[in-house]
Amino acid sequence: MKNITQSIVPACLLASTMFVFTSCTTVNTVERATPIGTKQVIADKRVITDSTLNKKVSIAGVNEGMTQGGFLQVQIEVLNRKNSMQTFSYRFEWFDMNGMLVDTPTSVWIPRQIEGQETLTITAVAPTTTTKDFRVKFMENVRND
Amino acid sequence: MKPNFYSILLTVSALLIFGGCATHTRYVETTGPRTIVTTDINIQDFSYAAEDMIKSLLASGALDKTQIQPAMLAISRIVNNTTQQIDTDLLIKKIRVALNQSGKALTTTTMGIGGIAEDPLAQGIHQEKEFYTDKKEPQRLPDFTLSGKIIEKRDRQNEVRQVTYAFQLSLTNNDGLAVWEDEKEISKQSKRGVIGW
């Protein structure tokens, strides 16, 4: 009995160590210390219903601009707070001057992967030049992978 | 009469058996997160590719550089270089709808490769209109043509198999220059035994 315990304990330790080290892969980054470009960061309103997702993948900031054709362009910086790869889906919704939803074929749930401690930028362009507002939804992947 | 244990057990078992045999079919949002994923090109893959292409095309401003607005667009050849039989309109129609909606480009349905119109009736009406009109104006030619290719690449390492679909599109102006080009790649991995390919 003692022999079995002696052989199982190191094996379990080795397996758990391997699991920890293989599942945690984080991203190192480097960038200009004082960026030349200035972000047009906008104030945002957040409704968090899934705190588990928010603890893993959080929104670092929302940047807004206009394309040369006059379309509203939005960039959202997403940060993976965990040390392991995470998956999530997002969807952009666009609204016109009257607050009405603009139905567009580009409004789809898009799955993304984000590595540990990685920052990811999600970009979207409004479907019309009359689009004034947007809303982005985030959720954990629900597909059976 | 009180139901005894065996009658309840019989009812529950019957429900389980017949309920288990029933086919559960339900509606899902095509653009939603609950569509099925296989190693083939799924309906959502066309949506992802179209979303990326439209975003890139509108942000580029390539459609703004025509004298007459909105620009006129004709659809050229979209090559399917995959092992699957797919209708490329699943990609192109989404792009056409979005461009039409944006007000930046309108697609002609009376011009096509080899003179074959997408809408033969519209082409006939257009020709008849030209015939009966005294003053013939030269027909407006498309400012741009949209062409592309869908490519499939399969790789395998031990039990893991990977398939990548590359969606490539080019917008060519009437001087024959590609003024906008983009590529969207979608990769999927599966383990052997789960999906047999």
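The rules behind the values
Residues numbered from 1 in each chain as written. Chains lettered and ligands numbered in written order. Predicted model: local features only at pLDDT ≥ 70, side-chain atom pairs only at ≥ 80, totals over all residues. Pairing = 2+ DSSP bridges. Helix = DSSP H or I, 4+ residues; strand = E, 2+ residues; numbered from the N terminus. Axes fitted to C-alpha atoms, helices over the stretch in contact; angles between N-to-C directions. Contact = placed C-beta atoms within 7 Å. Nonpolar A, V, L, I, M, F, W, Y, C, P; charged D, E, K, R; others polar. Expected span 1.5 Å × (residues − 1). Buried ≥ 20, exposed ≤ 12 C-beta atoms within 10 Å, placed from the backbone. Left-handed = near helix turned anticlockwise from the far one by under 90°. pLDDT = per-residue confidence, 0-100.

A few words on the sheet that holds strand S2 (residues 105–107) of chain B. Residues and elements named next belong to chain B. As summarised here, the arrangement of the 5 strands in space is S2-S1-S3-S4-S5, forming an open sheet in which the pairing is mixed. Both outer strands of the open sheet, S2 and strand S5 (178–191), are each paired with one neighbouring strand and no more. Adjacent strand axes in the sheet meet at a mean angle of 30 degrees when their direction is disregarded. Relative to strand S3 (residues 144–157), strand S1 (residues 71–81) is paired through 7 bridges, and the arrangement is parallel. Its bridge partner being in S3, valine 79 is matched across the sheet by lysine 149. The strands touched by helix H2 (residues 43–60) within the sheet are strand S4 (160–173) and S5, with S5 carrying the most contacts at an inclination of about 155 degrees. Lying on the sheet, helix H3 (residues 89–102) is in contact with S1, S2 and S4; it crosses S2 at an angle near 135 degrees.

What follows is about the interface of chain B and chain A. The interface is formed by 23 residues belonging to chain B together with 24 residues belonging to chain A. For the side of chain B that touches chain A, the secondary-structure elements that each account for two or more residues are H2 and H3 of chain B. Of the residues forming the side of chain B that touches chain A, the biggest block, 9 residues, is contributed by H2 of chain B. Of the residues assigned to the side of chain B that touches chain A, the class counts are 9 nonpolar, 8 polar and 6 charged.

Okay, helix H4 (residues 120–132) of chain B next. An α-helix turns once per 3.6 residues; consequently, residues spaced three or four apart project the same way. If you check H4 of chain B, its first and last C-alpha atoms are 18 Å apart, about what 13 residues at 1.5 Å a residue would give, namely 18 Å. Across the 13 residues that make up H4 of chain B, only a small minority, 0, are buried.

On to the packing of H2 of chain B against H3 of chain B. Residues and elements named next belong to chain B. At a closest axis distance of 9 Å, the pairing of H2 and H3 adopts a crossing angle of 35 degrees. Note on packing geometry: the crossing formed by H2 with H3 is right-handed. Contact residues: Phe46, Ser47, Ala49, Ala50, Met53, Ile54 and Leu58 in H2; Leu90, Leu91, Lys94, Ile95, Ala98 and Ser102 in H3. Among the residues forming the contact of H2 with H3, the class breakdown is 10 nonpolar, 2 polar and 1 charged.

Glancing now at the confidence of the model for chain B. All names here are of chain B. Residue-level pLDDT values for chain B average 89, and 89% of them are 70 or greater. The weakest mean pLDDT in chain B belongs to helix H1 (residues 5–21) at 69; the strongest belongs to S4 at 97. For this predicted complex, the interface confidence score (ipTM) comes to 0.81, while the overall pTM stands at 0.83.

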